[in-house]
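# Structural description and commentary
This is what each chain is made of:
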Amino acid sequence: MAELLQLRNIQKSFPGVKALDGVSFTVRAGEVHALMGENGAGKSTLIKVMTGVHTLDSGEILLEGKPIQIKSPQDAVSQGISTVYQEVNLVPNLSLAENICLGRESAGFTGIKWKEVKERAERAMARLGLNVDVRRPLGSFSIAIQQMAAIARALDVDAKVLVLDEPTSSLDRDEVKQLFEAITKLKNEGMGIVFVTHFLDQVYAVSDHITVLRNGNNVGDAPIDQLPRLELVSMMIGRDASALESERVAKDPIQSTSFIETQDMGHSGSVEGVNFTIGSGEVLGLAGLLGSGRTETVRLLYGIDSANHGELKIDGRSASGHKTSKAIASGFGLCPEDRKLEGILPDLSVRENLTIVLQARQGWFRKLSRSKQDEIVQVFIDSLRIKTASPETPIKNLSGGNQQKVILARWLAANPRLLLLDEPTRGIDVGAKFEISALIEKLRKEGMAFVFVSSELEEVVRSCTKIAVMRDRKMVGMLTGEEASEEKVMSMIAGGEA
Amino acid sequence: MKAIFTKERLPIIATSLVCIAIYVAAGLKFEGFFSLRVFLNFLTDNAFLGITAVGVTFVILSGGIDLSVGSMVGCTGIMTAVLIQNKHLHPALAIATVLLFGLLLGCGHGLLIQKFNLPPFLVTLAGLFLARGLGLWISKESVQIDHPFFSALAGIKISLPNGASLPISAILFLVVLVAGIVLAKQTRFGRTVYAIGGNESSAMLMGLSVGKTKIWIYALSGFCSALAGVVYTIYTSSGNALSGTGLELDAIAAVVIGGTLLSGGYGSVFGSFLGVLILAMIQTAINFDGSLSSWWTRIAIGTLLLIFMLLQKGIEVSARRTSKKAGH
Amino acid sequence: MKFRQSNLFWPLMALLGILLFNLILTPGFFHVEMRDGRLFGSLIDIVNRAAPVMILSLGMTLVIATGGVDLSVGAVMAIAGAVAGCLIARPEGCILNALNVHGSIPAIIAVALFVALICGIFNGFLVSFLEIQPIVATLLLMVAGRGVAQLLTDGQIVTFNDPKFAALGSGSTFAIPNPIWLFVIAAILIGLLARKSAYGLFVEAVGNNPVASRYSGINAKNVKLTVYVICAVLAGLAGLIPTADIKGADANNVGLYLELDAILAVAIGGTSLAGGRFSIAGSILGAILMQSLTTTILTRGVSAEITLILKAAVVVIVALFQAPEFRARFARRRAA
């Protein structure tokens, strides 16, 4: 196969960090090339160098054998390197058709030829197997359709290389399948595709070749059939594969009086029929695909949305007009799904981020003394092994896993009764994942209750004492004890019989 | 067939209804309000506001703000007058110079905002001070223009039936308006402005020339306000450095009342035209009444602005609700 | 090295530069003397004249730190001034005549500040509960507020002759002009609130990430509401100074453009207009810097319009020096 895009010996540094230390990467025509690595491996930096978001410090880029320079995202696109990101990077206020054609629509004397734009967009969507009204504003479509529009846009130019940066995170299974069909088709047309994802299954389903990065270095580069899963994972985390084998923590049946009870709780349009109880020392897992109603259930419990039918009882009393402030007053805490947008206070220090919940509870006029703050912060930095230059470092300078630990610590410092963990391990490295799991188990034994949401089934099964399974915005069952196995949960998610 | 009453069009429909309601109400109350002459005066008396508002619409559509337009009108007005009267420059040349000045100053705003990522608000605030200071420095006194070419220019008009006529300032306003509508709807520049207002970083990742467009947006606004300054000099046959005080607020009010969201991305140039008409009608109605003092204009505009903000909010909330449903 | 990276560094350098310029070129600039039990001199004059903007900038700092901005402070100054003027002079036909405070100064101040407080609640309600963008929400009162002030004074300058009230603007206590005292009191109160209570932390948290703050248990709505209330009350206080000084309520001119000065002072002082971290000391420094510039120009006999142009230049330069993009370019050039 012909080498399409070659990156040779790429170096890229940011203040204080060497993100890429001599990385080489080659995409051939007609292949899907998976780029793997844990957070901080340099994956996203490499993608950004390729797509012109970052300029490289040294090294060279060759496209079809000729050295090129990529000065901006626009430049990358014009040279034939198109990118589709995890977040849909289109504009919601314009029509779907405009989103596909904007910037390269043909124009005559009277301006943009709207009819041509519409037809072109319809063709592009049809190529992906979709037939939608392209004149509607993009924001009125589901995320999946928006993602497809982003791919259609990338295809609309004469792209040679298509970079897919975690494109499947917001898609359901059918949509992923549809996407993979499109990818395979494009591959057969001779396009080079760079595929970044966290899902191992998807890598093996669609890729031809894998490159693995760790700490800004190449650690692996092999055709897919020469790199078994276990080896891939151990390359990614730089640790012996056997350490990954973990047993489900043996659990005694939990005997505790529940303080939360839901009866057919729901919120129109987001989630229905939620029935469960939670008592101290329990970890309730919410299993299901993305968009199955997991996060929505958490939002109801935390009073972000209020249930408009069914009932939520806290300590035996009906919690009508449940609000976030009431949830916090009842001793609930939340580590939100979107750490960046809903979790961290990016410019504030680790110390301030860590004590904010405690301080909010104290109120405006009883400020925690500085020595008290320092003491609390030190305790958690030590016990959770938070890696930070100092407690005064702005939290935005920490890695994702360490940010997550600070957010956990912010709540642990306030000793909540119930901690809602929505994807607490997403986007963090495997080591930190295990530490967080172990921490949950320890606190559970001390009597804290958890609601645990994760896309990784294995993790849910390992950490939870009981599992509520969600499907299509409904709770479809509750599994406890021996029943709560991966196979059983999976079949319930899939909607089949056990 | 596409529905006319879609949610995205609600603001502009509301604006149209308010516009008609005020017109009818004032027309029924005040004799002679319905005459063509009064209507044409809306355009003539507010031509400088309207031209400014067209430029400001683009800025706001992109999610920015331009506070410098009012003092730009004063500055370019006095500059025109002094160039013609004291420096004996030919009016055509003087006007060209002034328009170029406006364009360049706007460009300067755009460059600072774009290249150094400074807040538009702060940069154009500096522009406000700069233009006002420059204008006052040129001349604190009002300068009368007395030049045959200029008088001829000021005398241009299109005659209409019933002895009414459309003077040059109103003509210029309408030309700028039409140009603005076409620019927003039919050109890549216009669509990029909407895209930037919708989501700037996405627009950048889509490979649109966000930087260049942003600079041009402010240049356009600078140019429009300079043209408004020229129109104002034509309208009053004199230049005054203090003219246009507070105009930035009226322009922003007109744009918002016209249905453009201040967060950018949604709105239209035609809506701003309706906004200008509404402001003009309120002012005229208060003048017709005679017993109401001038500050009622301010209070009325403020109240109207409040109502429209609440309306925009309502639409935003209901839109968010729908998209949430669509998203899952 | 650390101090050079501080946001206070460049404004402080600029201020020192101006003072140095005057030290060399303006004889007697640093001369301070005692006359009739009051200190006189250019330096005192600078601080005295800067007092209204300094008071405004205290509140504006908090508002900007929450990611907002208050454009209505100038109009609120005019309203508070009009209220005070009308209460003292009781012009014919004024709606405030229904309220007779019998010329009691504390009552007059209290009523004026109370009216300002209502303005603040209005702004804060729009911003925090209706979630309207701050620029627009406060634009409303900026447009309509001066109209309301003119309504109270019937478009006239309501003059009065009350030496006790006038002393707020032109008198002195312990040799220091009263406006400076008003500022000092306000600054101490705000300083205590910001740094000795947790309020400052909450303001920064809300400005930095409102959603995360709410999820952490901070009542973000109340925080936002209160910053606008504080800002408006301080604006009301600031509005009393020029009113007392000229012994008249001038609804047209009191506080005109001062919202801009206050915002500039905050920006110069290093508080990001995007919200988050704030520096009250920086804002005060910013206000003094601009007044020093103005006074210097006036004492050099240069025409006053140049002040506006220079203000524009200062804003751009200070903003540039604080912009990471500019610093990066500057550093690259120096390294090359």
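Scope of this entry: the structure provided in the associated data block. (Residues numbered from 1 in each chain as written. Chains lettered and ligands numbered in written order. Predicted model: local features only at pLDDT ≥ 70, side-chain atom pairs only at ≥ 80, totals over all residues. Heavy atoms only, no water.)

### Considering the environment of L320 of chain C
With respect to the secondary-structure elements, L320 of chain C resides in helix α14 (residues 305-322). With a relative accessible area of 13%, L320 of chain C lands in the buried category. Residues in contact with L320 of chain C, not counting those within four places in the same chain, are L112, F116 and L118 of chain B together with F326 of chain C. (Helix = DSSP H or I, 4+ residues; strand = E, 2+ residues; numbered from the N terminus. Buried < 20%, exposed > 50% of the residue type's maximum accessible area, 1.4 Å probe, protein only. Contact = heavy atoms within 4.5 Å.)

### Focus: the sheet that holds strand β9 (residues 161-165) of chain A
Residues and elements named next belong to chain A. Ordered by their spatial adjacency, six strands build an open sheet running β6-β9-β10-β3-β11-β12, and the pairing between neighbours is mixed. At either end of the open sheet lies a strand with only one pairing partner, and these are β6 (81-84) and β12 (217-223). On average, each strand axis in the sheet is tilted by 20° relative to the strand beside it, whichever way the strands run. Bridge analysis of strand β11 (residues 209-214) against β12 gives six bridges, and the strand direction is antiparallel. Looking at β12, one finds that L213 is bridged to N218. Against the sheet, helix α5 (residues 143-156) touches β6 and β9, its axis set at about 180° to β6. (Pairing = 2+ DSSP bridges. Axes fitted to C-alpha atoms, helices over the stretch in contact; angles between N-to-C directions.)

### A short note on the packing of aromatic side chains
On inspection of all chains with the given rule, the structure shows 22 aromatic pairs over all chains. An angle of 85° between the planes, with centres 5.9 Å apart, marks the rings of F180 of chain A and F195 of chain A as edge-to-face. Of this pair, F180 of chain A sits in helix α6 (residues 173-188) while F195 of chain A sits in strand β10 (residues 192-196); the two residues are 15 residues apart in sequence, bridging distant segments of the chain. Note on F195 of chain A: relative accessible area 0%, which makes it buried. For the pair F270 of chain B and F273 of chain B, a centre-to-centre distance of 5.8 Å together with 40° between the ring planes defines the contact as tilted. In this pair, F270 of chain B and F273 of chain B are both assigned in helix α13 (residues 269-289), three residues apart and thus about one turn of the helix distant. Its relative accessible area of 40% is what places F270 of chain B among the partly exposed residues. Taken together, the ring pairs in this structure connect Y23, F30, F33, F34, F39, F42 and F288 of chain B into an aromatic cluster. One residue, R191 of chain B, lies across the ring of Y194 of chain B, its end atom 4.7 Å from the ring centre. (Phe/Tyr/Trp six-rings, centres within 6.5 Å; stacked < 30°, edge-to-face > 60°. Lys NZ or Arg CZ within 6 Å of the ring centre and 35° of its normal.)

### What to know about the interface of chain C and chain B
Opposite the 44 residues of chain C that make contact, chain B presents 37 residues. Here chain C meets chain B over a buried area of about 3800 Å², counting both sides, of which 82% is carbon and sulfur. Of all residues in chain C, V143, Y257 and E305 of chain C bury the most surface against chain B, accounting for 15% of the area lost on that side. Where chain C packs against chain B, one counts zero salt bridges. Counting across the chain C and chain B interface gives one residue pair in polar contact (both at pLDDT 80 or more). (Buried area = accessible area lost by both parts, 1.4 Å probe. Salt bridge = Lys/Arg side-chain N within 4 Å of Asp/Glu carboxyl O. Polar contact = N/O pair within 3.5 Å; in protein donor to acceptor, adjacent residues only side chain to side chain.)

### Topic: the side chain of H267 of chain A
All names here are of chain A. Within the element layout of this structure, H267 appears in strand β13 (residues 258-267). From its side chain, H267 meets the backbone oxygen of S306 in a polar contact 2.9 Å long. Every residue in contact with H267, bar those within four places of it in the chain, is listed here: E272, L300, D305, S306, N308 and H309.

### Structural notes on the side chain of T153 of chain C
Residue and element names in this part refer to chain C. Tracing the sequence through the fold places T153 in helix α6 (residues 134-153). A relative accessible area of 3% places T153 in the buried class. Dropping the residues within four chain positions of it, T153 is found in contact with A82, C86, V158, A249 and A251.

### Details of the pairing of β13 of chain A
Here β13 of chain A pairs with strand β14 (residues 271-279) of chain A via six bridges, running antiparallel. Counterpart to S258 of chain A in the pairing with β14 of chain A is G279 of chain A.

### Considering empty space enclosed by the protein
Under the criterion given, the structure shown has one cavity of 30 Å³ or more. Approximately 220 Å³ is the volume attributed to the largest cavity. Forming the boundary of the largest cavity are 18 residues, of which T83, Y85 and R153 of chain A together with L205 and M206 of chain B lie nearest the centre. Counting only elements with at least two residues in the lining of the largest cavity, the list comes to α2 (73-79), β6 and α5 of chain A. At four residues, the largest contribution of residues to the lining of the largest cavity is made by β6 of chain A. (1 Å grid on protein atoms, 1.4 Å probe; cavity = no way out; pocket = protein on both sides within 12 Å on 5 of 7 lines; lining within 4 Å. Points joined across faces, edges and corners; volume = space filled by probe spheres on them.)

### Here we look at the environment of S42 of chain C
All names here are of chain C. Within the fold, S42 resides in helix α3 (residues 42-65). Residue classification places S42 among the buried positions, given a relative accessible area of 17%. Considered as a pair, S42 and G85 are 43 residues apart in the sequence and their alpha carbons are 29 Å apart. Sequence-distant contacts of S42, that is, excluding residues within four places in its chain, are made with F29 and H31.

### Describing the packing of α3 of chain C against helix α13 (residues 280-299) of chain C
Residue and element names in this part refer to chain C. Two elements in contact, α3 and α13, have axes separated by 8 Å at closest approach and are oriented at 145°. Handedness of the α3/α13 crossing: right-handed. Within the contact between the two elements, α3 uses D45, I46, R49, A50, V53, M54, S57, L58 and T61 and α13 uses I280, S283, I284, A287, I288, Q291, S292 and T295. A breakdown of the residues in the contact of α3 with α13 according to their chemical character gives nine nonpolar, six polar and two charged. (Left-handed = near helix turned anticlockwise from the far one by under 90°. Nonpolar A, V, L, I, M, F, W, Y, C, P; charged D, E, K, R; others polar.)

### Overview of the packing of helix α4 (residues 114-127) of chain A against α5 of chain A
Residue and element names in this part refer to chain A. Running from amino to carboxyl end, α4 crosses α5 at an angle of 110°, the nearest separation of the two axes being 9 Å. Between α4 and α5, the interaxial angle falls into the category roughly perpendicular. Facing R120, A124, M125 and R127 of α4, the residues of α5 in contact are I145, M148, A149, A152, L155 and D156. Along the lines of polarity and charge, the residues of the contact of α4 with α5 split into seven nonpolar, no polar and three charged. (Parallel < 35°, antiparallel > 145°, perpendicular 65-115°, else oblique.)

Coordinates in, geometry out; function isn't part of it.
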